[in-house]
Amino acid sequence: FDPGRQHSIPYQWGSTSFSVNRDVYEGDINSLSILFDPPEELSGTINVLDSQGEVMALASIYLGIPQCTTDRDQLRTLDEILQSARQHWASFGSDIAKDVLVSGDAAVGMIYNGCSAKAREEGANVEYSFPDEGYVVWMDNVVLLNEAPNRANAIRFMDFLLEPENIAQGTNSAQYAAGIEGAAEV
């Protein structure tokens, strides 16, 4: 999106998968089937992000189909798995993803890895899964808009964020990785 990074810098990156409360479920969590075809004891205890893109991406990964398919048969299969899985889901919420795991209102939560780490910090006995089928990896960037006012200050701020000790303050707090070399050591 920005060849040569002329107008953007990396900010933080992470993954989207799911976490399971290990006080509730001790079984294998290495498959996206936990979300889309869960064991009986987890049915009705799953919070799913209210981000259709990530829900559909994880379902596509689970099914082994391209995430941007135009094949009608693959799209029907994707729809079928989502329609079937929703009976097992208790709630939809990105803003509550961490909180429902911490409170125990959900035993499974589709979640971002940093939010899962925060849930553990708050005492939830959750384990984040890196499913065998795969998971979503994402990266946030800071972008300088072409028509941005205060361009000089925006560039100073971006330069500030490129310093490992500065970017580490934000990413360490959020529990995500920084895209800046040296930040992991801070």
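The structure we're discussing is the one just above.
Because the structure is a prediction, the values reported are computed rather than measured.

### Comments concerning the environment of Y112
Next, step 1: Inspection of the secondary structure puts Y112 in strand β4 (residues 108–112).
Next, step 2: Taking the C-alpha atoms as reference points, Y112 and V137, separated by 25 residues in sequence, lie 9.5 Å from one another.

### Considering a nonpolar patch on the surface
Next, step 1: On the surface, W13, F130, Y135, V137 and M139 cluster together into a nonpolar patch covering about 490 Å² of accessible area.
Next, step 2: Relative to the elements of secondary structure, W13 occurs in strand β1 (residues 8–21).
Next, step 3: Note on W13: relative accessible area 39%, which makes it partly exposed.

### So, helix α7 (residues 164–174)
Next, step 1: Buried residues of α7: P164, N166, I167, A168 and T171, and no others.
Next, step 2: Summarising the contacts, the buried residues of α7 are in contact with β1, α6 (151–161) and β7 (177–178).
Next, step 3: Positive phi shows up at Q175, right after α7, with a value of about 70°.

### Some details on the pairing of β4
Next, step 1: Counting buried residues along β4, five of its five residues qualify, which places the element largely inside the surrounding structure.
Next, step 2: Of the two faces of β4, both are covered, the one formed by V108, M110 and Y112 as well as the one formed by G109 and I111.
Next, step 3: Bridge analysis of β1 against β4 gives five bridges, and the strand direction is antiparallel. If you follow F18 over to β4, its bridge partner there is M110.
Next, step 4: Inspection of the sheet shows strand β2 (residues 46–48) paired to β4 by two bridges, in the parallel sense. Looking across to β4, one finds that N47 is bridged to G109.

### Focus: the pattern of salt bridges
Opposite charge on two side chains makes pairing possible when the charged atoms of those side chains draw close.
Next, step 1: Enumeration according to the criterion identifies four salt bridges in this entry.
Next, step 2: Its salt-bridge partner being R76, residue D73 comes within 3.5 Å of it at the nearest N-O pair. With D73 and R76 both in helix α3 (residues 72–85), this residue pair falls three residues apart, about one helical turn.
Next, step 3: The partner of E122 in a salt bridge is K98, with the nearest N and O atoms 2.8 Å apart. Residue E122 is found in the loop between α5 (113–121) and β5 (126–129), and its partner K98 is found in helix α4 (residues 97–103); the two are separated by 24 residues along the sequence.
Next, step 4: Since its relative accessible area comes to 18%, K98 is described here as buried.

Basis of the calculations
Residues numbered from 1 in each chain as written. Predicted model: local features only at pLDDT ≥ 70, side-chain atom pairs only at ≥ 80, totals over all residues. Heavy atoms only, no water. Helix = DSSP H or I, 4+ residues; strand = E, 2+ residues; numbered from the N terminus. Patch = residues over 30% accessible without salt bridge, like charges linked within 9 Å, V, L, I, M, F, W, Y side chains within 5 Å. Areas by Shrake-Rupley, 256 points an atom, 1.4 Å probe, with all protein chains shown as cover. Salt bridge = Lys/Arg side-chain N within 4 Å of Asp/Glu carboxyl O. Buried < 20%, exposed > 50% of the residue type's maximum accessible area, 1.4 Å probe, protein only. Contact = heavy atoms within 4.5 Å. Pairing = 2+ DSSP bridges.

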